[in-house]
Every structure is written in C-alpha cells, then in structure tokens.
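The primary structure of each chain is shown beneath.
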Amino acid sequence: MTNKNRVTFGSKLGVVFATVGSAVGLGNIWRFPYMVGENGGAAFLLVYIACILALGLPVMLTEFFIGRNTQRNAAGAFKSLAPNSTWSIIGYNGVLAAFLILGFYAVVSGWTLEYIIQAVTGSLSGKSTTEFADDFANFSSDIYRPIFWTIAFIALTHFIIVSGVKKGIERASKIMMPMLFLILVILCIRSVMLPNAGKGLIFLFKPDFSKISSSVILSAMGQAFFSLSIGMGCLITYSSYFSKTTNLQRTAVEVTILDTLVALLAGIMIFPAVFSFNIEPTEGARLVFITLPNVFGQMFLGEIWSSIFFLLLAVAALTSTISLHEVATAYLLEEHKMSRKKAATLVSVGALILGVISSLSIGVWKEHTILGLTFFDFLDYITAKIMLPFGGMLICIFIGRRIDKKILKAELTNQGTITFSLFNIYAFFMKYIAPVGIGLIFLHELGIINWLKSIF
Ligand code: TRP
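Residues numbered from 1 in each chain as written. Predicted model: local features only at pLDDT ≥ 70, side-chain atom pairs only at ≥ 80, totals over all residues. Heavy atoms only, no water.

### Considerations on the overall build of the chain
Here's step 1: A tally of helices and strands in the chain yields 19 helices and zero strands.
Here's step 2: The C-alpha radius of gyration computed for the chain amounts to 21 Å, which stays within 12% of the reference 23 Å derived for 456 residues, consistent with globular compactness.
Here's step 3: Every one of the 456 residues in the chain was classed for burial, and the buried ones make up 59%.
Here's step 4: Excluding contacts between residues fewer than 6 apart, the proportion of contacts in the chain whose partners are at least 24 apart in sequence is 82%.
Here's step 5: Here the chain displays about 18,200 Å² of accessible surface, and carbon together with sulfur accounts for 67% of that area.
Here's step 6: Here the chain holds 33 positive side-chain charges and 23 negative ones, and the gap between their average locations is 13 Å. (Helix = DSSP H or I, 4+ residues; strand = E, 2+ residues; numbered from the N terminus. Rg over C-alpha atoms; globule rule 2.2 N^0.38 Å. Buried < 20%, exposed > 50% of the residue type's maximum accessible area, 1.4 Å probe, protein only. Contact = heavy atoms within 4.5 Å. Areas by Shrake-Rupley, 256 points an atom, 1.4 Å probe, with all protein chains shown as cover. Lys, Arg positive; Asp, Glu negative; His and termini not counted. Charge placed at Lys NZ, Arg CZ, Asp CG, Glu CD.)

### Some thoughts on the environment of Arg 340
Here's step 1: Here Arg 340 lies in helix H15 (residues 340–362).
Here's step 2: Expressed as a C-alpha distance, the spacing of Arg 340 and Ile 161, which sit 179 residues apart in the sequence, is 8.4 Å.
Here's step 3: Among the polar contacts listed, one links the side chain of Arg 340 to the side chain of Glu 326, at a separation of 2.7 Å. (Polar contact = N/O pair within 3.5 Å; in protein donor to acceptor, adjacent residues only side chain to side chain.)

### Observations concerning the nonpolar core
Here's step 1: Within the largest apolar cluster, 155 residues are counted, with the highest numbers of intra-cluster contacts made by Trp 30 and Phe 309.
Here's step 2: Broken down by element, this core gets its largest block of residues, 17 residues, from helix H5 (residues 89–120). (Core = buried A, V, L, I, M, F, W, Y, C linked by side-chain atoms within 4.5 Å.)

### Some details on the side chain of Thr 19
Here's step 1: Looking at where Thr 19 falls in the secondary structure, it is placed in helix H1 (residues 12–23).
Here's step 2: What Thr 19 contacts, discounting residues up to four positions off in sequence, is Phe 64, Leu 235, Tyr 238, Phe 242 and Val 255.

### A closer look at the pattern of salt bridges
Pairs can form between side chains of opposite charge whenever their charged atoms are close.
Here's step 1: Enumeration over the complete set of coordinates arrives at 10 salt bridges.
Here's step 2: Glu 335 is the salt-bridge partner of Lys 79, the closest N and O atoms lying 2.9 Å from each other. Here Lys 79 is found in helix H4 (residues 74–81), whereas its partner Glu 335 is found in helix H14 (residues 302–335), with 256 residues between them in sequence.
Here's step 3: We note a salt bridge from Arg 340 to Glu 326, for which the minimum N-O separation is 2.7 Å. Here the residue Arg 340 occupies a position in helix H15, and Glu 326 occupies one in helix H14, the gap between them amounting to 14 residues. (Salt bridge = Lys/Arg side-chain N within 4 Å of Asp/Glu carboxyl O.)

### Notes on a nonpolar patch on the surface
Here's step 1: A cluster of nonpolar side chains, namely Ile 143, Tyr 144, Val 364 and Trp 365, defines an oily patch on the protein surface of about 430 Å² accessible area.
Here's step 2: Counting through the fold element by element, Trp 365 comes out in the loop between H15 and helix H16 (375–402). (Patch = residues over 30% accessible without salt bridge, like charges linked within 9 Å, V, L, I, M, F, W, Y side chains within 5 Å.)

### A word on the site of the ligand
Here's step 1: Not every one of the 17 residues close to the ligand is listed here, only the nearest: Ala 23, Gly 27, Tyr 105, Phe 226 and Ser 229.
Here's step 2: At a separation of 3.2 Å, an oxygen atom of the ligand approaches a polar backbone atom of Leu 26.
Here's step 3: Within the backbone of Ser 227, an N or O atom sits 3.1 Å from a nitrogen atom of the ligand.
Here's step 4: Calculation on the ligand without its partners gives an accessible area of 360 Å², and the protein chains cover 100% of this total.
Here's step 5: Listed by contribution, the elements that provide at least two residues to the shell around the ligand are H1, helix H2 (26–38), H5, helix H10 (214–228) and H14. (Near = heavy atom within 4 Å.)

### Points about the side chain of Arg 31
Here's step 1: Among the secondary structure elements, Arg 31 is positioned in helix H2.
Here's step 2: Within the local environment of Arg 31, its side chain forms a polar contact with the side chain of Gln 223, the two groups lying 2.6 Å apart.
Here's step 3: When residues no more than four places from it in sequence are discounted, the contact partners of Arg 31 are Leu 26, Gln 223, Phe 226, Asp 380 and Ala 384.

### Quick look at H14
Here's step 1: With 34 residues, H14 ought to run about 50 Å at 1.5 Å a step, and its terminal C-alpha atoms sit 49 Å apart, in line with that.
Here's step 2: Of all the bends in H14, the greatest, near 25°, is centred on Glu 326.
Here's step 3: Of all 34 residues in H14, 27 are buried, a share of seventy percent or more.
Here's step 4: One or two positions beyond H14, positive phi appears at Lys 337, with a value near 50°. (Expected span 1.5 Å × (residues − 1). Bend = angle between axes of the 7 residues up to and from the residue.)

### Topic: the packing of H5 against H15
Here's step 1: At a minimum axis separation of 7 Å, H5 and H15 run at an interaxial angle of 60°. Regarding the angle of H5 to H15, the classification is oblique. The crossing of H5 and H15 is right-handed. Contacts from Phe 99, Leu 100, Leu 102, Gly 103, Phe 104, Val 107 and Trp 111 in H5 reach Leu 346, Val 347, Gly 350, Ala 351, Leu 354, Gly 355, Ser 358, Ser 359 and Ile 362 in H15.
Here's step 2: Residues belonging to the contact of H5 with H15 are distributed by class as follows: 11 nonpolar, five polar and no charged. (Axes fitted to C-alpha atoms, helices over the stretch in contact; angles between N-to-C directions. Parallel < 35°, antiparallel > 145°, perpendicular 65-115°, else oblique. Left-handed = near helix turned anticlockwise from the far one by under 90°. Nonpolar A, V, L, I, M, F, W, Y, C, P; charged D, E, K, R; others polar.)

### Remarks on the packing of aromatic side chains
Here's step 1: In this structure the tally under the stated criterion is 31 aromatic pairs.
Here's step 2: Note on Phe 289 and Phe 310: the rings are 6.5 Å apart at their centroids and 15° apart in plane angle, and the pair reads as stacked. One end of the pair, Phe 289, is in helix H13 (residues 287–297); the other, Phe 310, is in helix H14, and 21 residues separate them in sequence.
Here's step 3: A residue is classified by how much of its surface remains accessible, and Phe 289, at 1% relative accessible area, is buried.
Here's step 4: Looking at Phe 310, the relative accessible area reads 0%, which means it is buried. (Phe/Tyr/Trp six-rings, centres within 6.5 Å; stacked < 30°, edge-to-face > 60°.)

### Brief notes about the environment of Arg 72
Here's step 1: In this structure, Arg 72 sits in the loop between helix H3 (42–70) and H4.
Here's step 2: Exposure remark for Arg 72: the relative accessible area of 15% places this residue in the buried category.
Here's step 3: Here the alpha-carbon distance between Arg 72 and Thr 237, two residues 165 residues apart in the chain, equals 6.8 Å.
Here's step 4: Within the structure, the side chain of Arg 72 is placed 3.0 Å from the side chain of Glu 335, a separation counted as a polar contact.

As structure tokens, then:
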C-alpha cells in the first residue's frame, strides 16, 4: 500500500543525517563506554564489531526494505506485507520498546541539560575526581532536579514532533552532527595526551579473550542493536519517509560506519582519561559523567569546551529521542487515526510517567527492584538485551519466510537501477546467520544450551 501524499525527507543529505541522527546519541557516547567498561574492554569491543557486521547491517537493510516498500509505520508495515497474520506483533513489540527506551533515555538526556548549565555557570571546573563523582551522585539521586530536566527534555522532543516530520528532524540534525564529530576528535586528542593514557588504550584495544562470556556476548549484541536504532521499527518508520531513489544499501553502510566511528571516538575519549584519573572502568551508568569533567579541567578554556560538548550531546540525544517518539506517534497516528497532536501527547505523557519512575529509581526508590534491577536498569535491560534482538530476529525470520526474494532485490536495487553484488551474501546472513545467531545467544544466556549439554 503506497501513499502518495506521505511526507518524504527533502534532500539526499537529509535522509542520511536524520538516520544518523537517530543512530548517534547517548548510545554511542554514554552507553557504549559504560558497556565496554563493565564487560572487560577490548574483548567486548571485538564481539561488538562482529555483532554490528553479522547482525546489525543485515537487520538494518531489512528494516529499510520494509519501511520504504510499505511506506507505513512499524506496526502497519507488517499488516501491509502480511495482512491478517500475527506478524504485526513485531511492530507492537517495537512500539512498546520505543516507549520503554524513551522512559530511561529521557532521564539521561535530562542529565546532559543539567551538565550544560553546570558547565556554563562554571561549577564543572576546579574540582577533584572524587568531588566530581560525589556531585554526580548527589544530583542523580536528588528528587526534583533530574525530574525537572527529564520533563524539559520530553517537552522539547514533543514540540519538535508536533511541528512535523520534515522540518523538525532535518533541521536539527544537519548542523549539529558534524560539530559533534569535530569536538569528539578534539577531546580524543586531549585525552590520549594525558599521563597514563596508554593504559586506557590498551584496555580498549588489546583483547583479553578470557573475558568473553555469554553475558558479554549478550551485552555486545544488545549494544549493537541499541546503537544502530534497530530491532524495533525505528528505521522502518524512518525509511518509510525515504524517497524511491534513496540508495538503501549505501545509506545502511554509511549509517553503520558513522555510528561505529562515533562510538570508537567516545571510547578513545573516555578510557585514557578513566585510567589517568584513577576512575574504575566498571563505574556503570555514571562513567562518562564523572570522567569527562576531569578532561575538561585539563583543557585550556575548559568551561567553553565543556559547555559546547554537553550542548552537542544534548542535541545528539534529542535527534534520537525524536526518532523513538516518532515510532510510537506514527503508529498511533496511522493505525488509530489520531491527530498528530493527540498521538504525540499520549506518547509524551506515557514517556513522562516512565521517566519520572526511572529517575526516582536511581535515588529514593533504589531499594525497589525488579529481578534485582532498579526500574531504570530494568527498562534498559529488557529493551536493549531482549526486545531489540528479539524484534530483529523476528524481522529476519519474517522476511526470509514471507517475502519473495525478487521483491526484496527489486526494492534494494531501486528496481534494478543500482547493483547489489552482495545480495546473496546479504540474503544468507539475513535469513540464517542473524536469526540463528541471535537465537543461540538467547539460549546460551538463559542457560538452556548448558543444560542440554549436561543431558547429552
Ligand atoms: N541509537 C540511539 C543511540 O545510540 C538510541 C535510539 C534511537 C534507539 N532510536 C532507537 C535505540 C531505536 C533503539 C531503537 O543513542
């Protein structure tokens, strides 16, 4: 079902920037270093890159196929490809994941706003490593401040979503992305010049294979899905706005390379500093927020650098929350025939409630846990490590079983006008390697494989 009146992204550059804008965000700069730190460094990085290539790229291209072919939202796309079937469950899983991710992502986005203010007012300078860590602990466990910023961030996202797809998303990502890239490079250079920086680079790049375990593999897979914005229909929704002449293969490769590059830069920026300032790499979610102020403290005009950096980080987070919000909004708008404003309001209010609970779960509600995790960590766990890979697995199985290879190839080659020499390899990975690989990682994590081994 195609819809001629649907909004499409304006320029070719706009398409790539908006999709990169969705992919590049806190996942690269906040979550990636924190995962690397918790999962033993370079060994994790290696598994992560393997996941990006073997699972991430094929799933991304498949999402592009689904979105542009159907020109519908995450749930509607499956209804249109397989009417009256239960496959649209993939879309519902995605819409739910969008909500849940927004629920904790908005909190961390809010932290970036607090840090902009702190940087601008000069309270991010002249402190010791412990003081920075204490400041962050006090701030994040406070009741009001983080909630205030979470609400502010969701309101900002809401405003952009209601103002329309094209104008809002495109404008925001075009200017700020290249600036963020540049400042990351500058920070990397500063960081590797710190005393003891070499230890950090060794941690990041010299793998200790004994560190690879099933939980490291699950974390790496989850991080790959999270960082590329795949597995929940985000890129289905975005590619539904692509034009028929967009080169899907090239876009997938470009987005993946840029996203991975930004994560690597974030790693090079963080780990030398972590070792230089004697911070534990396993600090978890606060790692970036306690490490970076130390780096800025060592820079000439540190206040200015830190202000610009946190501003750009907030914008990168914003282009990602926009994409998450858009998945749920487009679903309500198209499948439940709501106005854009009403759909967006429902999503924002839902995200707000989850956001407030996750923010409180870091402080006063720390004791209330689900499966041993705080609400914040729980949302992160079920989305990144379960719902996204599960969605990706189903997407591949669905396409492998239900879609004629000719239709797939025609869409991915723009009706034969561009070549796709690796089509067979792509189809093989998408049909077999990705779903089987994801399935095995799940089974292994659940302990089922070890259990079977013990029986036979
Ligand atoms: N990829 C984004 C990041 O790295 C987060 C994000 C945006 C996302 N849209 C998504 C993650 C969809 C999973 C699914 O910050």
